[in-house]
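Architecture and fold: a report
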Amino acid sequence: MIHFNKKYFFWSFALFLVLAYIALFVNDTFVRPFLGDVIVVGWLYLSLKSFIKMNSYMLAHLVLALAYVIEIAQYFNIVSILGLQHIDPVRVIFGATFDWLDLLAYTVGWGCILFIERCRTKLENKKASR
């Protein structure tokens, strides 16, 4: 189940750089709050896929479920309830405010993952059949 994949790791690192750029230099009403969340789902998928050998579609569903759970935790203010709001990494990972649009962004990111993986699989199958 544990398996290092250079290709997925490379793309994970590339998306991490994009996310870091957005976090540090973009302050708008679309890219940072919405597109950033779309990209986060793809980054998390690629990061996990870099180290875990798992069916792509199952992993995509698990990543979407994790994103939803984190957003629901924001709704219920779990970080404050657990008394962890003073720990910066916890606040960054779990965020501070619930937003229905975040759920939409995560779903769009999940859809992008499924689309890209489907195209990649078709391309690999086409190459293998030649």
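In what follows, the structure referred to is the one given above.
Criteria and thresholds
Residues numbered from 1 in each chain as written. Predicted model: local features only at pLDDT ≥ 70, side-chain atom pairs only at ≥ 80, totals over all residues. Heavy atoms only, no water. Axes fitted to C-alpha atoms, helices over the stretch in contact; angles between N-to-C directions. Helix = DSSP H or I, 4+ residues; strand = E, 2+ residues; numbered from the N terminus. Parallel < 35°, antiparallel > 145°, perpendicular 65-115°, else oblique. Left-handed = near helix turned anticlockwise from the far one by under 90°. Contact = heavy atoms within 4.5 Å. Nonpolar A, V, L, I, M, F, W, Y, C, P; charged D, E, K, R; others polar. Expected span 1.5 Å × (residues − 1). Bend = angle between axes of the 7 residues up to and from the residue. Buried < 20%, exposed > 50% of the residue type's maximum accessible area, 1.4 Å probe, protein only. Salt bridge = Lys/Arg side-chain N within 4 Å of Asp/Glu carboxyl O.

1. A few points about the packing of helix α2 (residues 31–51) against helix α6 (residues 100–129)
Running from N to C, α2 and α6 cross one another at 45 degrees; their axes reach a closest spacing of 8 Å. Here α2 is positioned oblique relative to α6, judged by the angle of their axes. Classified by chirality, the crossing of α6 by α2 is right-handed. On α6, the residues that touch Pro33, Phe34, Asp37, Val38, Val41, Gly42 and Tyr45 of α2 are Leu101, Asp102, Leu104, Ala105, Tyr106, Val108, Gly109, Trp110, Ile113 and Glu117. By residue class, the composition of the contact of α2 with α6 is twelve nonpolar, two polar and three charged.

2. Structural notes on α2
Spacing of three or four residues puts side chains on the same side of an α-helix, whose turn is 3.6 residues. Between its terminal C-alpha atoms α2 stretches 28 Å, which fits the 30 Å expected from 21 residues at 1.5 Å a residue. The sharpest bend along α2 reaches about 30 degrees and sits at aspartate 37. Along α2, the residues that are buried comprise Phe34, Gly36, Asp37, Val38, Ile39, Val41, Gly42, Tyr45, Leu46, Ser47, Lys49 and Ser50. Buried residues along α2 sit in contact with α1 (6–25), α3 (56–75) and α6.

3. Thoughts on the pattern of salt bridges
One pass over the full model with this rule turns up four salt bridges. Lysine 7 is the partner of glutamate 124 in a salt bridge, and the nearest nitrogen-oxygen pair spans 3.9 Å. Note that glutamate 124 is positioned in helix α6 and lysine 7 in helix α1, a separation of 117 residues in sequence. Looking at glutamate 124, the relative accessible area reads 39%, which means it is partly exposed. Given the relative accessible area of 39%, lysine 7 is considered partly exposed. Look at the salt bridges and you will find they share partners, linking Lys7, Glu117, Arg120 and Glu124 into a network.

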